[in-house]
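If you want the building blocks of each chain, they are given just below.
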Amino acid sequence: MHLEKISHRVTRDAVHQTTREVRQGQLDPALNQWFSDQGLDLGRTLFASLCPFDQHTYTGTLVDPQGRVLEFLVDLDEPDNSSLEDVSDELGPKHPEHPEADPCDRITMALLMQQQGDVGNS
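Parameters at a glance
Residues numbered from 1 in each chain as written. Predicted model: local features only at pLDDT ≥ 70, side-chain atom pairs only at ≥ 80, totals over all residues. Heavy atoms only, no water. Helix = DSSP H or I, 4+ residues; strand = E, 2+ residues; numbered from the N terminus. Rg over C-alpha atoms; globule rule 2.2 N^0.38 Å. Buried < 20%, exposed > 50% of the residue type's maximum accessible area, 1.4 Å probe, protein only. Areas by Shrake-Rupley, 256 points an atom, 1.4 Å probe, with all protein chains shown as cover. Lys, Arg positive; Asp, Glu negative; His and termini not counted. Charge placed at Lys NZ, Arg CZ, Asp CG, Glu CD. Phe/Tyr/Trp six-rings, centres within 6.5 Å; stacked < 30°, edge-to-face > 60°.

Trainee: Kindly report on the overall build of the protein, identifying the contributing residues and their values.
Mentor: Scanning the protein from N- to C-terminus turns up three helices and four strands. Reading the helices (α) and strands (β) of the protein from amino to carboxyl end gives α-α-β-β-β-β-α. Relative to the 2.2 N^0.38 estimate, which gives 14 Å for 122 residues, the radius of gyration of the protein is 14 Å and therefore close to what a compact globule would have. Reported as C-alpha extents along the three principal axes, the dimensions of the protein are approximately 40 × 30 × 25 Å. The 122 residues of the protein split such that 39% are buried. Within the structure as shown, the protein displays about 6800 Å² of accessible surface, and the carbon and sulfur contribution to it stands at 44%. Charged side chains in the protein number 9 positive and 22 negative. The centres of these two groups are separated by 11 Å.

As structure tokens, then:
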């Protein structure tokens, strides 16, 4: 992906960094297991955001290999009470084709990266 603006490259790098942290298991191996249990291919999923919400609890947004945008709330102490919700139909300006889309938004950037096959080397 050719990004002209520094701000776009910074956003792309942030998505890559978050994705790399997940793929390398830097947060919690049980989190990676939960994602795998949900049927996600971590090698092809991009993480627009992921942050600790509480001890053993994480929240964030990812783009799966099919280009769906999924929000998650994972409680590793109670994985059955965790959620993964498809919010693709509700993206509005976060969708890259929306006239007000901003590549500086991490969800928009993750979608652009997924569309262009920029999912590896993270």
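Trainee: Just give me the short version of the packing of aromatic side chains, but keep the residues and values in it.
Mentor: In this description, an aromatic ring pair is defined by two values, namely the gap between the centres and the angle between the planes. Taken as a whole and assessed by the stated rule, the structure comprises four aromatic pairs. Both rings, one in Phe35 and one in Phe72, keep their centres 5.1 Å apart while their planes meet at 85°; by these two values the pair is edge-to-face. Pair noted here: Phe35 is in helix α2 (residues 29-37) and Phe72 is in strand β3 (residues 69-75), with a separation of 37 residues, a long-range link. Judged by its relative accessible area of 0%, Phe35 falls in the buried class.

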